[in-house]
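Observations on chain architecture
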Amino acid sequence: MTEEVILQVKDLQTYFTVDEGVVKAVDGVSFDLHKGETLGIVGESGSGKSVTNLSIINLIQNPPGRIVGGEVDFHGKDLLKMPPDEIRHIRGNKISMIFQDPMTSLNPYLRVSTQMVETITLHQKLDKKAAKEKAIEMLKLAGIPAPEKRIDQYPHQFSGGMRQRVMIAMALSCNPEILIADEPTSALDVTIQAQILELIQDLTKKLGTAVILITHSLGVVAGTCNTLCVMYAGRIVERGRTDDIFAEPKHPYTQGLIRSVPRMDRENADRLYSIQGQPPNVIDLPDCCPFYPRCDKAMDICRKKYPTPIKSENDRAVSCWLYSEER
Ligand code: SF4
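This write-up is about the structure you can find in this document. (Residues numbered from 1 in each chain as written. Predicted model: local features only at pLDDT ≥ 70, side-chain atom pairs only at ≥ 80, totals over all residues. Heavy atoms only, no water.)

1. Things to note about helix α5 (residues 128–141)
With 14 residues, α5 extends 20 Å from end C-alpha to end C-alpha; this agrees with the ideal 20 Å at 1.5 Å per step. Regarding α5, the residues found buried are Ala131, Lys134, Ala135, Ile136, Met138 and Leu139. Those residues of α5 that are buried are in contact with α4 (112–123), α6 (147–150), α7 (160–172) and α8 (190–207). In the stretch just after α5, Gly143 is the one whose phi turns positive, near 85 degrees. (Helix = DSSP H or I, 4+ residues; strand = E, 2+ residues; numbered from the N terminus. Expected span 1.5 Å × (residues − 1). Buried < 20%, exposed > 50% of the residue type's maximum accessible area, 1.4 Å probe, protein only. Contact = heavy atoms within 4.5 Å.)

2. Digging into the nonpolar core
Counting 90 residues, the largest nonpolar core has Leu7, Phe31, Ile56, Leu79 and Ile212 as its most contacted members. Those residues in contact with Leu7, other than ones at most four positions away along the chain, are Phe31, Asp32, Leu33, Ile56, Val72, Asp73, Phe74, Leu79, Ile178 and Ile212. (Core = buried A, V, L, I, M, F, W, Y, C linked by side-chain atoms within 4.5 Å.)

3. Structural notes on the environment of Val166
Relative to the helices and strands, Val166 is located in helix α7. The class of Val166 is buried, set by a relative accessible area of 1%. Separated by 27 residues in the primary sequence, Val166 and Leu139 place their C-alpha atoms 6.4 Å from one another. Val166 has contacts with Leu106, Val112, Leu139, Ile144 and Phe158, leaving out every residue within four places of it along the chain.

4. Details of the sheet that holds strand β12 (residues 316–318)
Strand order in this open sheet of eight strands is β6-β7-β8-β3-β9-β10-β12-β11, and the pairing throughout is mixed. Each edge of the open sheet carries a strand with a single partner, namely β6 (95–98) and β11 (310–312). When strand polarity is set aside, the average angle formed by the axes of neighbouring strands in this sheet is 20 degrees. Two elements, β6 and strand β7 (residues 178–182), share four bridges in a ladder whose sense is parallel. Each residue of the ladder has a partner; that of Ile98, found in β7, is Ala181. Set on the sheet, helix α1 (residues 49–56) makes contact with β3 (38–42), β6, β7, β8 (210–215) and β9 (227–232); between it and β8 the angle comes to about 145 degrees. The strands that α7 touches are β6 and β7; relative to β6, the one it contacts most, it runs at about 170 degrees. (Pairing = 2+ DSSP bridges. Axes fitted to C-alpha atoms, helices over the stretch in contact; angles between N-to-C directions.)

5. A closer look at the sheet that holds strand β4 (residues 65–74)
With antiparallel pairing, the four strands of this open sheet are ordered in space as β2-β1-β4-β5. Bordering the open sheet on either side are β2 (21–34) and β5 (77–78), each of which pairs with just one other strand. Pairing geometry for strand β1 (residues 5–18) and β4, over eight bridges, is antiparallel. For Tyr15, the partnering residue across the bridge sits in β4 and is Arg66. Those strands touched by α1 are β1, β2 and β4, and its axis lies near 115 degrees from that of β1.

6. A word on unusual backbone geometry
Cis geometry marks the peptide bond from Asn62 to Pro63, where omega comes out at -10 degrees. Within the secondary structure, Pro63 is located in the loop between α1 and β4. Residue Pro64 is reached from Pro63 by a cis peptide bond, and omega for that bond is 10 degrees. With respect to the secondary-structure elements, Pro64 resides in the loop between α1 and β4. The phi dihedral of Ala146 falls on the positive side, at around 45 degrees, and the residue is not glycine. Take Ala146: it is sitting in the loop between α5 and α6. Of the residues examined, Ala146 reaches a relative accessible area of 42% and is grouped as partly exposed.

In structure tokens form, the structure reads like this:
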């Protein structure tokens, strides 16, 4: 990871209008991504992790969704204001994505070779023969055995883990600067999960690609990410270096998440901790701390006003009234 910032997300806001009101799925999200960095975005379902990343590459379906504010700076240009042709060129070429279930991204009717060659020729100045050679090279790097033969097979002829390897090979085949991995291991069994995470780490390190890893599992980010953003109800509630957050989580929600992770080094442990209550209904959310119904440290001010982020050294920030002098 270097000091060079390659992507800057500033005050991103994405809302969905539904019959019951307005869902502020992403409400003022900001972060920087550095060259070669692996940034984890963690939170429960519905916290806004995936919508944040779909917004970054301008893939929000309108209606019902709409990016109502903010900027996504990539090499001095705002991706949110780019013409459709320009952003299409960036997607898959400079910024690639892999999703939870590779079957939703791979076309079951087409051979892997057809899909990979199409992606590579679309974004790179290579003819079909050179593109196929590049595709075979990427499959080999991604750990697919006998890639020269397997490239001409259909997705259903691969296991779940192998399909995810194909997706990773395809996503990295155009040497993107950024890989967005949205829950890339959730659909896989535990032993395969570790292999896929290791593969993403190895390949992106080799190719110098920065990664945004979206997950609901703190176990996944612990060994993988340099930095961490914890999201709750559409906002980042805590941000910092992964090691710093694990050593001293500040936000009560992050503290709860860390306490809920099973630990092998604790003997005679009591029942595993779980955060009380349920995530809030994000329709027409009032401007208070949305975690207060579940927080055992809540104060009067938490019910009245959303806390401004308190920044500290090493790019650490926490949005909680406990750390504010204003309270
Ligand atoms: Fe708890 Fe208040 Fe902090 Fe929210 S702002 S996490 S309710 S202490």
